[in-house]
Amino acid sequence: MRVACIGGGPAGLYFAISMKLRDPSHEVVVFERNRADDTFGWGVVLSDEALGNLAKNDPVSAASIRENFAYWDDVAVEFKGERIVSGGHGFCGIGRMKLLLLLQTRARALGVELRFQNDIPPEQIEALAADYDLVVSSDGLNSRTRALYADHFKPDVDTRKCKFVWLGTRQKFENAFTFIFKETPKGWLWAHAYQFDADTATFIVECSEATWNAYGFGEMTQDRSIATCEAIFADELGGHPLISNARHIRGSAWINFPRVLCEKWSYRNVVLMGDAAATAHFSIGSGTRLALDSAIALATYLHSEPTLEAAFEQYQNARRLDVLRLQSAARNSMEWFEEIERYFDLDPVQFTYSLLTRSQRISHENLRLRDEDWLNGAEAWFQRTAGVGPNAPTRRPMFAPFKLRGLELKNRVVVSPMAQYKAVDGVPTDWHLVHLGERAKGGAGLVYTEMTCVTPEGRISPGCPGTYSPEAEAAWKRIVAFIHAETDAKVCLQLGHAGPKGSTQLGWEDSDAPLADGNWPILSVSEVAWSPANQTPKAMDRADMDRIRDAFDEGARMAERCGFDMLELHMAHGYLLSAFITPLSNTRTDDYGGSLANRMRYPLEVFRAVRAAWPEAKPISVRISANDWVGDGGITPFDAVEIARMLQDAGVDICDVSAGQTSTQARPVYGRMFQTPFSDRIRNETGMATMAVGNIYEPDHVNSILMAGRADLVCLARPHLTDPYWTLRAASTLGDKAEKWPDPYLPGRDQLWRLAERTDTMLGKI
């Protein structure tokens, strides 16, 4: 093949090498606009895994690269006057110019033709495509090829929030990738610093646009901008200057990171590679790895597939998933830095943990494998802040106690509300006794009832329980008494009203669809049906509002008579109070519609009535939908913070942060812990305690959420459906022997422990 590579960065050079390794007869030409020793970056970061991939593909260049790497094992965080160091992270750095020179040498040795100072303008790209069998465009972030064929590649370019400038320094940051956070009168700035050769380190300065504007960096020359950064980080630089190698850029050289992903990566005989096809934020150091791995993959498929078209298809299919995984991790990391100012009130220990786990590639127990001593110390800090005495054994965050008003929970695990549809005429049955009793015996600190409706017509379905009859009260009293007598779990009654989602079928039938017959009239904030198939509710008048408010009041009084430890008001998922909050269903023009403050008026009225009826020493939670998943037309995460502030000001003790289920138009983005960011945002922007919910299913998830300060309690639903003893089993798996088991089950506990010890012995762990 005759191959032209546009761009002589790591992607283009390594692809050229990989092609010649597979078939020396290929004619490969690399066109690079700059000189051979020009570079406009500083250090390049690669993981041990990435080095392994290079060694398999080309041991010769991998060995030369490895010889020039600066290795470090530690991550250091300098924050609020403290320096916290965590080890075991296994990264290495090399100067970008050194990497390019090594790859150039290897490419020449294999017969690749390198043409420097050879700029390829857009009009020449098509000429290359006509002259060569294959054109590989690795022409970077501002790819001309991508722009020329934009209608076909369909790039999605998302310019991100923070400003950053890529600098270097002769100050040594040996042995640790160092993050430095500085508070100044004009705002916070932070630096990503790491050594990449014996004399030089990368020093990336980043800040919010507000801080950037406050300093006036946009109007500064590069020299003045650098001098300003030197003054801000003077202590950490130790008298060493900051250096720029971006003199070709006008102005101060600060930029916003563009996140790039193309829908298609090839067109005719032209294919994109590296930053031209996809970018990964510098905070996880994976951009060069993406480029090198893509170079290997494309060269491989060009030799394994029968046609160019088939090779391109395999290349995109194979690499796209890996790229999306890395971009997902990079997005998490990037967004953490974009929203970093919400974390500046965290303790340095928790701040460091949050930073280390920001991309979700490092889990709680993975961090233990990297640096057990550091994590043990962090867990001890968490237990101390939870009120555990200094002589108590260190345990995982999920087993730390938690207090709300007079309520004390033994741990942070919550059995989330789960509709059972097994009530009869609003009365809980023995099913509820066994269902809730088993989960209380299973070790969770707090057990929720399903949404319990305050009026008969407020039920979701005929199988939903209520608070409105003496028979229901007697049944609830029996259930609560059992839980309190036989376990040390606490129990919360979730009060709600179905509103426009009432009078529907059981969950395992046609969920949210009207009953086949026997439907009852329903109420809502407006005459907006849940769907075209559902009945249109009556818009509540003031008399209806008074009656429903009083029913919530009476539900709270019944809960106190039954001995419940806590109440929650359901203001989520499109039910009545949620229907008032979201503009998707609230179309009123009176004092209860329009602005968010108006839409919150009635839900807050209901809360105040319940708070007045509920004992002062007992807490009340509110569940909200923090995102309607319909864009700006519904509730957004920004709105959710304002909703939480209103609830907090009214006296709500903790916010149970869910999302969605408010509209059939919703398009949620699922994934593990997918709703936790909403909890994180509310907790760290308002200071309000929160509960995280949504696809949380592993002890690692729970511990990382708590330790990073993303929530105070963690709710699990489906895991508790499949395993009522999820908490006790998690404790045993983690080697925690302090969690209390029911006395009749001690023989089972002991056998579980013995089997675990036997397995550990066989694996050489003990």
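What counts as what
Residues numbered from 1 in each chain as written. Predicted model: local features only at pLDDT ≥ 70, side-chain atom pairs only at ≥ 80, totals over all residues. Heavy atoms only, no water. Phe/Tyr/Trp six-rings, centres within 6.5 Å; stacked < 30°, edge-to-face > 60°. Helix = DSSP H or I, 4+ residues; strand = E, 2+ residues; numbered from the N terminus. Buried < 20%, exposed > 50% of the residue type's maximum accessible area, 1.4 Å probe, protein only. Axes fitted to C-alpha atoms, helices over the stretch in contact; angles between N-to-C directions. Parallel < 35°, antiparallel > 145°, perpendicular 65-115°, else oblique. Left-handed = near helix turned anticlockwise from the far one by under 90°. Contact = heavy atoms within 4.5 Å. Nonpolar A, V, L, I, M, F, W, Y, C, P; charged D, E, K, R; others polar. Pairing = 2+ DSSP bridges. Polar contact = N/O pair within 3.5 Å; in protein donor to acceptor, adjacent residues only side chain to side chain. Disulfide = S-S within 2.5 Å. Expected span 1.5 Å × (residues − 1). Core = buried A, V, L, I, M, F, W, Y, C linked by side-chain atoms within 4.5 Å.

Caption draft 1: Representation of the packing of aromatic side chains. What the rule picks out here adds up to 37 aromatic pairs. Relative to Trp-188, the ring of Phe-79 lies with its centre 5.9 Å away and its plane at 35°, an arrangement referred to as tilted. Taken as a pair, Phe-79 in strand 5 (residues 74-79) and Trp-188 in strand 12 (residues 187-195) lie far apart in primary sequence, 109 residues in all. By relative accessible area, which is 12% here, Trp-188 ends up buried. Ring centres of Tyr-149 and Phe-153 lie 6.1 Å apart, and the angle between their planes is 75°; this geometry places the pair in the edge-to-face category. For the pair Tyr-149 and Phe-153, a shared accessibility class is recorded, and that class is buried.

Caption draft 2: The packing of helix 16 (residues 430-441) against helix 17 (residues 470-486), seen in detail. Helix 17 packs onto helix 16 with a crossing angle of 20° between their chain directions and a minimal axis gap of 9 Å. As the angle between them shows, helix 16 and helix 17 are arranged roughly parallel. Classified by chirality, the crossing of helix 17 by helix 16 is right-handed. Contact with helix 16, carried on its side by Asp-430, His-432, Leu-433, Leu-436, Gly-437, Ala-440 and Lys-441, involves Trp-476, Arg-478, Ile-479, Phe-482 and Ile-483 of helix 17 and no other residues of that element. Within the contact of helix 16 with helix 17, the residues separate by chemical class into seven nonpolar, two polar and three charged.

Caption draft 3: Structural context of the sheet that holds strand 4 (residues 70-72). Strand order in the open sheet made by the three strands is 3-7-4, with antiparallel pairing throughout. With partners counted over all chains shown, the strands left at the sheet margins are strand 3 (43-47) and strand 4, one partner each. Taken pair by pair, the neighbouring strands of this sheet meet at an average axis angle of 25°, ignoring direction. The pairing of strand 3 with strand 7 (residues 91-95) spans five bridges and is classified as antiparallel. Note that in strand 7 the partner of Leu-46 across the bridge is Cys-92.

Caption draft 4: Region of interest: the sheet that holds strand 22 (residues 490-496). Overall, parallel pairing links the eight strands, which are arranged 20-21-22-25-26-27-28-29 in a closed barrel. The average angle at which neighbouring strand axes cross in this sheet is 30°, direction not considered. Sitting on the sheet, helix 23 (residues 676-686) is in contact with strand 26 (620-625), strand 27 (654-658) and strand 28 (689-692), with an inclination near 175° to strand 28. Set on the sheet, helix 24 (residues 699-707) makes contact with strand 28 and strand 29 (713-716); between it and strand 29 the angle comes to about 155°.

Caption draft 5: Fine view of the environment of Ala-472. If you trace the backbone, Ala-472 turns up in helix 17. The exposure class assigned to Ala-472 is buried, which follows from its relative accessible area of 0%. For the pair Ala-472 and Val-424, spaced 48 residues apart in sequence, the C-alpha to C-alpha distance is 9.5 Å.

Caption draft 6: Seen up close, the side chain of Thr-184. Note that Thr-184 resides in strand 11 (residues 176-184). A distance of 2.9 Å separates a polar atom in the side chain of Thr-184 from a polar atom in the side chain of Tyr-215. Contacts of Thr-184, omitting those with residues within four sequence positions, involve Leu-189, Tyr-215 and Ile-232.

Caption draft 7: Quick look at unusual backbone geometry. One non-glycine residue, Lys-154, lies in the positive phi region at around 50°. Residue placement: Lys-154 occurs in the loop between helix 7 (150-153) and strand 10 (155-169). Non-glycine residue Arg-268 carries a positive phi angle of around 55°. As for its placement among the helices and strands, Arg-268 is situated in the loop between strand 16 (266-267) and strand 17 (270-272).

Caption draft 8: Summary view of the state of the cysteines. In the structure shown here, the tally under the stated rule is zero disulfides. With no disulfide of its own, Cys-562 lies 13 Å from the sulfur of Cys-492, the closest cysteine sulfur. Judged by its relative accessible area of 5%, Cys-562 is buried. Cys-715 supplies the cysteine sulfur nearest to Cys-655, a cysteine that is in no disulfide, at a spacing of 11 Å. Judged by relative accessible area, Cys-655 falls into the buried class, the value being 0%.

Caption draft 9: Structural detail: the environment of Cys-162. Within the secondary structure layout, Cys-162 lies in strand 10. Each C-alpha atom, one on Cys-162 and one on Asn-256, is 6.0 Å from the other, the two residues being 94 residues apart in sequence. Among residues more than four places away in sequence, those in contact with Cys-162 are Trp-190, Glu-206, Cys-207, Ile-255, Asn-256, Phe-257, Phe-337 and Glu-338.

Caption draft 10: Broad picture of helix 11 (residues 287-304). A rise of 1.5 Å per residue sets the reference length of helix 11, with its 18 residues, at 26 Å; its end C-alpha atoms lie 26 Å apart and thus fit the reference within 8%. The element helix 11 is extensively covered by neighbouring structure, given that 13 of its 18 residues are classed as buried.

Caption draft 11: Representation of the nonpolar core within the structure. Membership of the largest hydrophobic core comes to 117 residues, with the highest contact counts inside it found for Phe-181, Phe-351 and Leu-647. Top contributing element to this core by residue count: helix 18 (residues 542-562), with eight residues. Other than its neighbours up to four places away in sequence, Phe-351 contacts Val-77, Phe-79, Phe-181, Trp-336, Ile-340, Tyr-343, Phe-344 and Leu-346. In this structure, Val-30, Ile-65, Leu-100 and Phe-153 belong to the second largest nonpolar core, which totals 70 residues.

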